[in-house]
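Chain by chain, the residues run as shown.
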Amino acid sequence: MAQEQTKNTRRVQDELGAAYAMPIRMYGVVEESIVDGPGLRFSAFVQGCSHHCPGCHNRESQPHEGGYLSTVGELCERIANNVSVSGVTLTGGEPFEQPEACLALARWCKTRGLSVWAYSGYCYENILAGNVPGRKAQDASQACRGNAARCAARALLDVCDVLVDGPFVMEKRSYDLHWKGSSNQRVIDLAKTRRRGLVALWQDEAMDFAVPENW
């Protein structure tokens, strides 16, 4: 078992290169989740969120200085050691406020054939346009990093399969909704959206049943 994990570590290191040591601030993980997208998924809850939605399900994940510091490599190793999951979900917290690390993680997941879902309080159109401000820049160096972060956020959008977008709105909360908390949020099929050039909502194929014409 230990020998197999060592082999996985070396393989992940080779696959990630410099991104292996990239820091990412985390709130926590759920290694086998059935509530953050279809199938059995590894859910990565990043730390830090600027939205502060009233009624937030994970209020402790909001402070940017909270949680604990991890690395992209550590997360990828944990995913690689779990052969049961079919996908990874980036949630939190706000994944698009740590876009470089989440992008590296998402790209690695795709090379492993895993689907990638992301939850964001930002709307799809704003991420697409680069309007993901996150924390306010204090100086010129932070402003330069902000530009790089916006590019990374846009690239992360290109890698993900599905985006659940928009802030949680308490007044629109419903337990009958599928994969989202309030009715203003959208479950967006990003691959279909990219092909069409228009927002296309994701539809669970298992729930998409059409009556045959000969019935």
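Before reading on, note that the structure itself is shown above.
Bear in mind that the values here come from a model prediction, so they are computed numbers and not experimental data.

Visitor: So, the sheet that holds strand E6 (residues 162–165): which residues are in play, and what are the values?
Guide: Spatially, E3-E1-E2-E4-E5-E6-E7 is the arrangement adopted by the seven strands of the open sheet, whose pairing is mixed. On the outer flanks of this sheet lie strand E3 (68–71) and strand E7 (186–189), each paired with one strand and no other. Averaged over all adjacent pairs, the angle separating strand axes in this sheet is 30 degrees, with direction ignored. The pairing of E6 with E7 spans four bridges and is classified as antiparallel. Looking at E7, one finds that aspartate 165 is bridged to arginine 186.

Visitor: Any chance you could break down the packing of helix H2 (residues 72–80) against helix H3 (residues 99–111) for me, citing the residues and the numbers?
Guide: Closest axis-to-axis distance for the H2/H3 pair is 10 Å, and the angle between their directions is 30 degrees. The angle between H2 and H3 places the two elements in the roughly parallel class. As H2 packs across H3, the resulting crossing turns out to be right-handed. Residues Val72, Leu75, Cys76, Ile79 and Ala80 of H2 touch H3, and the partners they reach there are Ala101, Ala104, Leu105, Trp108 and Cys109.

Visitor: How would you summarise the nonpolar core if you had to cite specific residues and measurements?
Guide: By size, the foremost hydrophobic cluster in this structure holds 43 residues, and its most contacted members are Leu90 and Phe96. Here this core gets eight residues from one element, more than from any other, and that element is H3. Leave out the neighbours within four places in its chain, and phenylalanine 96 touches Ala118, Ser120, Tyr122, Ile127, Val132, Ala153, Leu156, Leu157 and Leu163. By size, the runner-up hydrophobic cluster in this structure holds six residues, among which are Trp117, Tyr119, Val164 and Trp179.

Visitor: Provide a residue-level description of the packing of aromatic side chains, including the pertinent values.
Guide: Throughout the structure, instances matching the rule amount to two aromatic pairs. Here tryptophan 117 and tryptophan 179 contribute two aromatic rings whose centre-to-centre distance is 6.2 Å and whose plane-to-plane angle is 80 degrees, an arrangement assigned as edge-to-face. Highlighted residues: tryptophan 117 in strand E5 (residues 115–119) and tryptophan 179 in the loop between E6 and E7, separated in sequence by 62 residues. Each member of the pair tryptophan 117 and tryptophan 179 is classed as buried. Seen in terms of ring centroids, tryptophan 117 and tryptophan 202 are 5.0 Å apart; in terms of plane orientation they differ by 75 degrees. Their pairing is edge-to-face. Within this pair, whereas tryptophan 117 is found in strand E5, its partner tryptophan 202 is found in the segment after helix H6 (190–196), the two being separated by 85 residues in sequence.

Visitor: How would you summarise the pattern of salt bridges if you had to cite specific residues and measurements?
Guide: Side-chain pairs of opposite charge can arise where the charged atoms are in close proximity. For the coordinates displayed, the defined rule picks out seven salt bridges. Taking the shortest distance from any N to any O, the salt bridge between arginine 11 and glutamate 15 comes out at 3.0 Å. Of this pair, arginine 11 and glutamate 15 are both found in helix H1 (residues 2–16), four residues apart, which corresponds to roughly one turn of the helix. Here glutamate 125 ties to arginine 186 by a salt bridge, and the two come within 2.8 Å at their closest N and O atoms. Linking glutamate 125 in helix H4 (residues 124–128) with arginine 186 in strand E7, this pair joins segments that are 61 residues apart in sequence.

Here is what the cut-offs are and how they apply
Residues numbered from 1 in each chain as written. Predicted model: local features only at pLDDT ≥ 70, side-chain atom pairs only at ≥ 80, totals over all residues. Heavy atoms only, no water. Pairing = 2+ DSSP bridges. Helix = DSSP H or I, 4+ residues; strand = E, 2+ residues; numbered from the N terminus. Axes fitted to C-alpha atoms, helices over the stretch in contact; angles between N-to-C directions. Parallel < 35°, antiparallel > 145°, perpendicular 65-115°, else oblique. Left-handed = near helix turned anticlockwise from the far one by under 90°. Contact = heavy atoms within 4.5 Å. Core = buried A, V, L, I, M, F, W, Y, C linked by side-chain atoms within 4.5 Å. Buried < 20%, exposed > 50% of the residue type's maximum accessible area, 1.4 Å probe, protein only. Phe/Tyr/Trp six-rings, centres within 6.5 Å; stacked < 30°, edge-to-face > 60°. Salt bridge = Lys/Arg side-chain N within 4 Å of Asp/Glu carboxyl O.

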